[in-house]
Amino acid sequence: MTHLSAKDKDIVKGFWAKMSGKAEDIGTDALSRMLAVYPQTKTYFSHWKDLSPSSAPVKKHGKTVMSGVADAVSKIDDLSGGLLTLSELHAFTLRVDPANFKILAHNLIVVMAIMFPADFTPEVHVAMDKFLGALARALSEKYR
Amino acid sequence: MVKFTEKERSTIRAIWEKVNIDEVGPDALARVLIVYPWTERYFGTFGDIFTASAVLNNAKVVAHGKVVLKALDEAVKNMDNIKKTYAYLSRLHYEVFHVDPDNFRLLADCITIAIACKVKSALDPQVQATWKKFLSAVVDAMNSQYY
């Protein structure tokens, strides 16, 4: 479905440069929202003691997720090749239903809108939505 | 039927009070058209809505954005009866406008994002969850007359 144009990639890289200083907060907030707003996602974290917003496991995992996103930004020209290991992880070990990638993407976008209201114009919104969609597709590639 | 607790009702009203329909409506609709361009198919009479800048400068998009959010006000005022309140709108979108109902979900997401831009951290995770419950009821009501 999605092809990232040169313009999309520039917008994503530009916005990422603004965001990256707050990456951990963004990850924590997005995950907190995902767990609170879409309780079905909690099923993947039954091994955590505390699933409440900004708990220690949520913070730690937010950081992990965002370093994955950072990696994806740096490999934006070849997401499937660049994210092979992560893709295999999600397919064979984590086995996350790929529908949840959309849910997390939505919550990342909500956090971007809250933290960068002036910068998160509709053009940035569509570029990020496309990028997160392409990222989700790269992560789902090894599933079947 | 969706039931809202007293706390949920006041949360929804509190957020809604912060929403300027004249700003959030147009922003949400512009985002729908820009982020999900297939939705352009429903607005053949709006003129040029084929680029982001055309959408953002289109007076009909602005006007219609306000219409859509005013309708949401009806849902806020009739939280116990959203299905009945929206039965007419649902029928209209099905029989007259032929809108794929998946688009209601997309519009709901864009409304949330437009609100997030405005109210920022007032939309904390708990508030977002409650607001989503409300919008899900609205989306369900909009689907209800599709059969």
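What counts, and where the lines are drawn
Residues numbered from 1 in each chain as written. Chains lettered and ligands numbered in written order. Predicted model: local features only at pLDDT ≥ 70, side-chain atom pairs only at ≥ 80, totals over all residues. Heavy atoms only, no water. UniProt positions renumbered as here; feature names shortened; annotations may be inferred. Phe/Tyr/Trp six-rings, centres within 6.5 Å; stacked < 30°, edge-to-face > 60°. Helix = DSSP H or I, 4+ residues; strand = E, 2+ residues; numbered from the N terminus. Salt bridge = Lys/Arg side-chain N within 4 Å of Asp/Glu carboxyl O. Buried < 20%, exposed > 50% of the residue type's maximum accessible area, 1.4 Å probe, protein only.

Chain B appears in an unreviewed UniProt entry as Hemoglobin cathodic subunit beta from Lates calcarifer. Looking at chain B in UniProt, the text filed under Sequence similarities (unreviewed entry) is "Belongs to the globin family."

The name that an unreviewed UniProt entry assigns to chain A is Globin domain-containing protein, with the source organism given as Lates calcarifer. Looking at the Sequence similarities (unreviewed entry) heading of the UniProt record, one finds this comment for chain A: "Belongs to the globin family."

Residues and elements named next belong to chain B. Overall, the coordinates contain 10 aromatic pairs over all chains when judged by the stated rule. Measuring from centroid to centroid gives 6.4 Å for Phe4 and Phe134, while their planes differ by 55°, and the two rings are tilted. Highlighted residues: Phe4 in the segment before helix H1 (6-18) and Phe134 in helix H7 (residues 125-143), separated in sequence by 130 residues. Within the aromatic cluster, the residues linked to one another by ring pairs are Phe4, Trp16, Trp131 and Phe134.

Moving on, we come to the pattern of salt bridges. Summed over the entire model, instances satisfying the criterion amount to 14 salt bridges over all chains. Two residues, Lys63 of chain A and Glu24 of chain A, come together in a salt bridge whose shortest N-O distance is 3.9 Å. Residue Lys63 of chain A is located in helix H3 (residues 56-74), and its partner Glu24 of chain A is located in helix H2 (residues 23-37); the two are separated by 39 residues in the primary sequence. Judged by relative accessible area, which is 47%, Lys63 of chain A ranks as partly exposed. Across the pair Asp71 of chain A and Lys75 of chain A runs a salt bridge whose closest N-O atoms are separated by 3.1 Å. You can call Lys75 of chain A partly exposed: its relative accessible area is 30%. One connected set of salt bridges, linked through shared partners, spans Glu6, Arg9 and Asp80 of chain B.

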